[in-house]
Amino acid sequence: MLEKKKRETTPLYLQILLGMIAGIAIGIIALHFTKGVQFTQHWIYPWGKIFIRLLQLIAIPLVFISLVKGVLGLKDIGKFSRIGGRTIVIYICTTVIAVLLGVSMGLLIKPGKLVDKTQIIHIQEDYQSIASEKKLEAEQAHNQGPLAFLDDIVPNNFFKAASDNSKMLQIIFFAVFFGIAALTILPVKVKPVLDLFDGLNDIILRMVDYIIRFAPVGVAALMAGLLTDFKGDLSIFSALGVYFLTVIAALFILILFFYPLLIRCFTSMNVKKFMKAMYPVQLFAFTTSSSAATLPVTMEAVEKDLEVSQETAGFVLPVGVTINMDGTSCYQAIAVLFIAQVLGIDLSLMQILIIIGMTVLSSIGTPGIPGGSYVILTMVLTSVGIPAEGLALILGIDRPLDMLRTSVNVTGDAVVATIIDKK
Ligand code: ASP
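Structural notes, computed from the coordinates.

Thresholds applied
- Residues numbered from 1 in each chain as written.
- Predicted model: local features only at pLDDT ≥ 70, side-chain atom pairs only at ≥ 80, totals over all residues.
- Heavy atoms only, no water.
- Phe/Tyr/Trp six-rings, centres within 6.5 Å; stacked < 30°, edge-to-face > 60°.
- Helix = DSSP H or I, 4+ residues; strand = E, 2+ residues; numbered from the N terminus.
- Buried < 20%, exposed > 50% of the residue type's maximum accessible area, 1.4 Å probe, protein only.
- Lys NZ or Arg CZ within 6 Å of the ring centre and 35° of its normal.
- Core = buried A, V, L, I, M, F, W, Y, C linked by side-chain atoms within 4.5 Å.
- Contact = heavy atoms within 4.5 Å.
- Near = heavy atom within 4 Å.
- Polar contact = N/O pair within 3.5 Å; in protein donor to acceptor, adjacent residues only side chain to side chain.
- Areas by Shrake-Rupley, 256 points an atom, 1.4 Å probe, with all protein chains shown as cover.
- Salt bridge = Lys/Arg side-chain N within 4 Å of Asp/Glu carboxyl O.

For the structure on display, the rule yields 12 aromatic pairs. Pairing F51 with F214 gives two aromatic rings, centres 6.2 Å apart and planes at 65°, and the pair type is edge-to-face. Of this pair, F51 sits in helix α3 (residues 36-72) while F214 is found in the loop between α9 (187-213) and α10 (215-229), placing the two residues 163 residues apart along the sequence. Accessibility expressed as a relative area gives 22% for F214, which makes it partly exposed. Taken together, the ring pairs connect F64, F158, F159, F174, F178 and F197 into an aromatic cluster. The ring of Y331 carries the charged tip of R405 above its face, separated from the ring centre by 3.8 Å.

Let us now look at the nonpolar core. Here is a general trend for soluble globular proteins: nonpolar side chains tend to be buried in one another's company. In this structure, Y243, L254, I386, L391 and I394 are the most contacted members of the largest nonpolar core, which totals 123 residues. Sort the elements by how many residues they give to this core and α3 lands first, with 14 residues. If we skip the residues at most four places from it in the chain, I394 touches L240, Y243, Y331, A335, F338, I339 and L377.

This brings us to the site of the ligand. Looking at the ligand, there are 16 residues lining it, with S291, T328, S373, D402 and R405 nearest. Within the contact set of the ligand, a nitrogen atom lies 2.7 Å away from a side-chain nitrogen or oxygen of D402. Within the side chain of T406, one N or O atom sits 3.2 Å away from a nitrogen atom of the ligand. Within the complex, the protein chains bury 100% of what would otherwise be the 280 Å² of accessible surface of the ligand.

Assignment of secondary structure puts D402 in helix α19 (residues 398-422). On the basis of relative accessible area, D402 is assigned to the buried category, the value being 4%. For the pair formed by D402 and T288, sequence separation is 114 residues and the distance between their alpha carbons is 9.6 Å. Residues within four places of D402 in sequence aside, it is in contact with S289, P370 and G371. At a separation of 2.7 Å, a polar atom in the side chain of D402 contacts the main-chain amide nitrogen of G371.

Here the focus is the pattern of salt bridges. Under the definition given, this model contains 8 salt bridges. The partner of K69 in a salt bridge is D198, with the nearest N and O atoms 3.4 Å apart. Of this pair, K69 sits in helix α3 while D198 is found in helix α9, placing the two residues 129 residues apart along the sequence. When its relative accessible area of 35% is taken as the criterion, D198 is described as partly exposed. Of the charged contacts, one joins K191 and D195 as a salt bridge, the two residues approaching to 2.9 Å between their closest N and O atoms.

Let us look at unusual backbone geometry. The backbone of K110 shows a phi angle near 45°, a positive value even though the residue is not glycine. Locating K110 in the fold gives a position in the loop between α4 (77-109) and α5 (117-143). Here K110 falls in the partly exposed class, since its relative accessible area comes to 39%. The phi angle at S289 is positive, at roughly 60°, despite the residue not being glycine. Position of S289 among the secondary structure elements: in the loop between α12 (271-288) and α13 (291-305).

For the rest of this paragraph, the subject is helix α17 (residues 372-383). Most of α17 is tucked away: 11 of the 12 residues are buried. Within the span of α17, buried status applies to G372, S373, Y374, V375, I376, L377, T378, M379, V380, L381 and S383. With its phi angle positive at about 80°, G385 sits one or two positions after the end of α17.

See below:
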């Protein structure tokens, strides 16, 4: 591990940014040669597609294993029902509000609409035809009655659900069901399963780590491919700039307005005291981009500075790292809308509702590690028929956003711990 750290000279996020710049350069150069575009599409773009496929490959095991592990972590069902129910309801409410904020900002500002339509009409047509199939499916389901959505949640065959990346809700359903059932079995019997899932979780996270290490190459290849697709149209970059600012604005609204409001309304704590205690935690989250790595720092601040009882903090915060990611879900909503807008995919109301539901639930399966949302984003995109390759557009500039959303994620966990403790 130490040896690996020594060898690593350029941080990964810089490598990804360099990958993006290299990809743009390759794309621009390719457009100037007669066979350049064909060469890029045949020899370079496929590496990007492999990167996306690897992210998609790991998505189902990651969601399944991390969720089962999360539910098993609730240990005894008694504890789960005492403060667990309340914690989970508040977590879900804050996540829904964060997603609604993201969707509203994405729809209001429409950063993806800034691309020059005349230049990219051909690729928009390609992507629209892929998306219209899903749009039709969503509308058909809607016409089948108000409870038709349950068909999408309750699978009739685990393996069928696990073999289709757009069936994430069904996997979530099975994982939670499995985990809750396991909680009711004698601990000695479940212990080997717990150990197994612990081990599997570590292996999957290591695989995610390897895949993310491949990101600089993947992003370079995808960017080169997309640029030739976009015929070198650079209006995409002004769109990207506005997307970047939209995400930052939304995250700041959560940190500066939404959380202080919750503290003021639902606790007797002074908002200033809360913010002061959170500052070092947010800074740690910002620098590490990992809410899981920040957990010990969050615990200490919440217990010592906010005087939340050890019992509450010890339960609410670790659960929060797994299931509560307000910053991530708000960002995911804006990212999905942005990619759809750039690719010219007009989303129906039904698809937007699916995006809201999926982002709320998918933030539960997102691991609290740098870039943890990439894997999950591929699934959300696939579920509404948006090509996962669109992810290439946003990965190059993602690190600062990851840092900021991680700070929001840990603040959200601390807010809920404070609310639960004060009730
Ligand atoms: N880095 C985030 C976290 O650890 C997850 C993500 O949004 O990628 O909370």
